[in-house]
Amino acid sequence: MNGDKNSFYTYIIDRYNGSPTNRTVVDSYSKFIYGKGLMSKQQTNKPLQFALVNQALSKKDLRNICQDYSLFSEASIELIYDKGTLKKIKHVPKNQILPNKMKADGEIEGYWFSLDFNQPRKYEPIFIPKWTNEEKKSGSYIYIISTYQVGRTYFTDPVYMAG
């Protein structure tokens, strides 16, 4: 977990909610990341795939993904497939997702979802496989957006943490 009972996320959220300056900076970066919405250099080369992603991902979910990335320097996405076709892309709050323990080769096979990791009996964690670029069956998969940080394996610190 990211801190005792995943408490590091709560720490970051409390700092966000408790500081007008921090909140304004994080919100501004989130708006910059969102920009004019979803864009891709591939949208002219692969218009059908781009249209599929645009249809599956709502503007609200994209804004929430940008907000999490701005606040935590990482974000979680749930990709929902039906008979091998991508049907929905949903934002999942990063504080509700934890990685499974790495295998010996360093690979993470999936993630655990819970509404509140402080109350595992009330909100029992559910395992969701990691999204890979392989053919999909029906079901949900988790994809994590994060950047590499020296010395960090499972989690990323917010980029403003040193300040």
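Above this text is the structure in question.
This is a predicted model, so every value here is computed, not measured.

1. Considerations on the pairing of strand β2 (residues 85–92)
Move 1: One ladder, built from seven bridges, connects strand β1 (residues 74–82) with β2; its direction is antiparallel. Across the sheet, Tyr81 pairs through a bridge with Leu86, a residue of β2.
Move 2: What sits between β1 and β2 in their antiparallel hairpin is a turn of two residues, with Lys83 showing a positive phi close to 55°.

2. Notes on helix α4 (residues 59–72)
Move 1: Look at α4: 20 Å from first C-alpha to last across 14 residues, which is about the 20 Å you get at 1.5 Å a residue.
Move 2: What α4 keeps buried is the set Asp61, Leu62, Ile65, Cys66, Asp68, Ser70, Leu71 and Phe72.
Move 3: Residues of α4 that are buried in the fold lie against α1 (7–18), α2 (20–34), β1, β2 and β6 (139–146).

3. Regarding the pattern of salt bridges
Move 1: Throughout the structure, instances matching the rule amount to four salt bridges.
Move 2: In this structure, Asp27 and Arg23 form a salt bridge, with 3.9 Å as the shortest nitrogen-oxygen distance. Of this pair, Asp27 and Arg23 both sit in helix α2, four residues apart, which is roughly one turn of the helix.
Move 3: Residue class for Asp27 comes out partly exposed when judged on its relative accessible area of 22%.
Move 4: The residue Lys130 makes a salt bridge to Glu107 at a minimum N-O spacing of 2.5 Å. Of this pair, Lys130 sits in the loop between β5 (126–129) and β6 while Glu107 sits in the loop between β3 (97–99) and β4 (110–113), placing them 23 residues apart in sequence.
Move 5: For Lys130, a relative accessible area of 26% puts it in the partly exposed group.
Move 6: In this structure Glu107 comes out as partly exposed when scored by relative accessible area, which is 33%.

The rules behind these values
Residues numbered from 1 in each chain as written. Predicted model: local features only at pLDDT ≥ 70, side-chain atom pairs only at ≥ 80, totals over all residues. Heavy atoms only, no water. Pairing = 2+ DSSP bridges. Helix = DSSP H or I, 4+ residues; strand = E, 2+ residues; numbered from the N terminus. Expected span 1.5 Å × (residues − 1). Buried < 20%, exposed > 50% of the residue type's maximum accessible area, 1.4 Å probe, protein only. Contact = heavy atoms within 4.5 Å. Salt bridge = Lys/Arg side-chain N within 4 Å of Asp/Glu carboxyl O.

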